[in-house]
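# Structural overview for review
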Amino acid sequence: MRLEILPVQGIGDVTEGDDLAALIAGAAPWLRDGDVLVVTSKIVSKAEGRLVDVPADGPERLEARDRILDGETARVVATRGATRIVQTHHGFVMASAGIDASNVDKTRLVLLPADPDASARALRAALRDRYGLDVAVIVSDTMGRPWRNGLTDVALGVAGMPAIRDHRGEVDPYGNELFVTQMAVVDELAGAGELIKGKCDQVPVAVVRGYLGTPRDDDEGARALVRDASMDLFSLGTAEARAAGLRAAATLPDRPGPEPADADAVRRAIGSVADVVAPGTTFTHVTDDEVRAGLAATVPGWPASATGLLLGAAPTPLDPADLVRFGADVQRLRAALAAEGIGSVLLPPPAGSAASATLAL
């Protein structure tokens, strides 16, 4: 395979109501069937009127931007100072919902296209029906990436090709069957197009030639790139996940788990709170049948399904502040157990012993 990446120059400034198909076809009469057009989402948004008026500067501009961001946000993922990483109503996770203030008048902001897949399909259809060109179209925008510095362009919408090249079921040269390999080819092509589009060169469209044979319609579009929430292992930022965990820990249900608590998992839970509990606080995991049987006979509320217990002891003597800290330590441990999939119930303390706690697992 040999690829060429070609700039489409001379499109000029795009305004609301402009005919993108006519602008692109006029600026690139050399387009061929099988080309992949990488179109910056900003000119799609401008042509579609996805612009909002805001004050040019001052606190009023910031307030207006925040209101607009709220409207474009389906879920807040992480916040650090003025930076907000959110999930848009499309399902994309990106900074500021993709709202852009560059390459536009100071009194306007550009929003993402309302339906980037539909925009890509409409542009592909117009080029085919009016100019006889059978091309694929990628609507791209710039994103950051978790764990990596720098920005790159990715696909928000696509028409004329699948978003993902699925290698599952294929066999590599060593005879190994591939089980998970799915390549986000439209993101790779979007990044390739960005190499020649740039940010200040007013080249909003690039053509990648040589990758695609015959374009074909794919109904799923770039939605195929949005990971299902049930498979998302990183759905919140670190601080946000910690806050959510603490909120959940405050209302942990009082019940042991349905299966015997795994001793290794209990040790991990104890270890995870070892550095934050008050000095002198200790937790001991007990699985001895005789001890549990004795507690079951003497401790009110002992659940019949409990398979183990944790004994917590605070340093003595206790003052009121120590007692509060010990209660927080017990709750932290319950949260750590829950993170390991271990349910627990806090049992009433023995009479006259405010410096101990018993968790049935």
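Going by the annotation in an unreviewed UniProt entry, the name recorded for the protein chain is Coenzyme F420-0:L-glutamate ligase, with Micromonospora chalcea given as the source organism.

## Observations concerning the pattern of salt bridges
Any two side chains of opposite charge can pair if their charged atoms end up close together. Under the definition given, this model contains 17 salt bridges. Between aspartate 100 and lysine 42 there is a salt bridge, with the nearest N and O atoms lying 2.8 Å from each other. One end of the pair, aspartate 100, is in the loop between strand S6 (93-95) and strand S7 (108-110); the other, lysine 42, is in helix H2 (residues 41-48), with 58 residues separating them in the sequence. Owing to a relative accessible area of 23%, aspartate 100 belongs among the partly exposed residues under this scheme. The partner of aspartate 264 in a salt bridge is arginine 267, and the shortest N-O contact between them spans 2.1 Å. Taken together, the residues aspartate 264 and arginine 267, both in helix H7 (residues 263-273) and 3 residues apart, mark about one turn of the helix. The class for arginine 267 is exposed, based on a relative accessible area of 53%. Each of Asp66, Asp70 and Arg84 takes part in a single network of salt bridges with overlapping partners.

## With respect to the sheet that holds strand S4 (residues 73-80)
If you walk across this open sheet you meet the 3 strands as S4-S5-S6, and the pairing is antiparallel. Of all strands in the sheet, those bounded by a partner on one side alone are S4 and S6. The sheet shows a mean angle of 30° between the axes of neighbouring strands, taken without regard to direction. With 6 bridges connecting them, S4 and strand S5 (residues 83-88) associate as antiparallel partners. Directly across from threonine 79, in S5, lies its bridge partner arginine 84. Of the strands in this sheet, S4 and S5 touch helix H3 (residues 58-72), which is tilted by about 30° from S5.

## Description of the packing of helix H1 (residues 20-27) against helix H4 (residues 116-131)
Packed helices, taken two at a time, are described by the angle their axes make and the gap between the axes. For the pair H1 and H4, the least separation of the axes is 9 Å and the interaxial angle reads 60°. By the criterion of interaxial angle, the relationship of H1 to H4 is oblique. At the point where H1 passes H4, the crossing takes the right-handed sense. Of the residues in H4, those touching H1 at Leu20, Ala21, Ala22, Ile24 and Ala25 are Leu123, Ala126, Leu127, Arg130 and Tyr131. Residues that form the contact of H1 with H4 fall into these classes: 9 nonpolar, no polar and 1 charged.

Definitions and limits used
Residues numbered from 1 in each chain as written. Predicted model: local features only at pLDDT ≥ 70, side-chain atom pairs only at ≥ 80, totals over all residues. Heavy atoms only, no water. Salt bridge = Lys/Arg side-chain N within 4 Å of Asp/Glu carboxyl O. Helix = DSSP H or I, 4+ residues; strand = E, 2+ residues; numbered from the N terminus. Buried < 20%, exposed > 50% of the residue type's maximum accessible area, 1.4 Å probe, protein only. Pairing = 2+ DSSP bridges. Axes fitted to C-alpha atoms, helices over the stretch in contact; angles between N-to-C directions. Contact = heavy atoms within 4.5 Å. Parallel < 35°, antiparallel > 145°, perpendicular 65-115°, else oblique. Left-handed = near helix turned anticlockwise from the far one by under 90°. Nonpolar A, V, L, I, M, F, W, Y, C, P; charged D, E, K, R; others polar.

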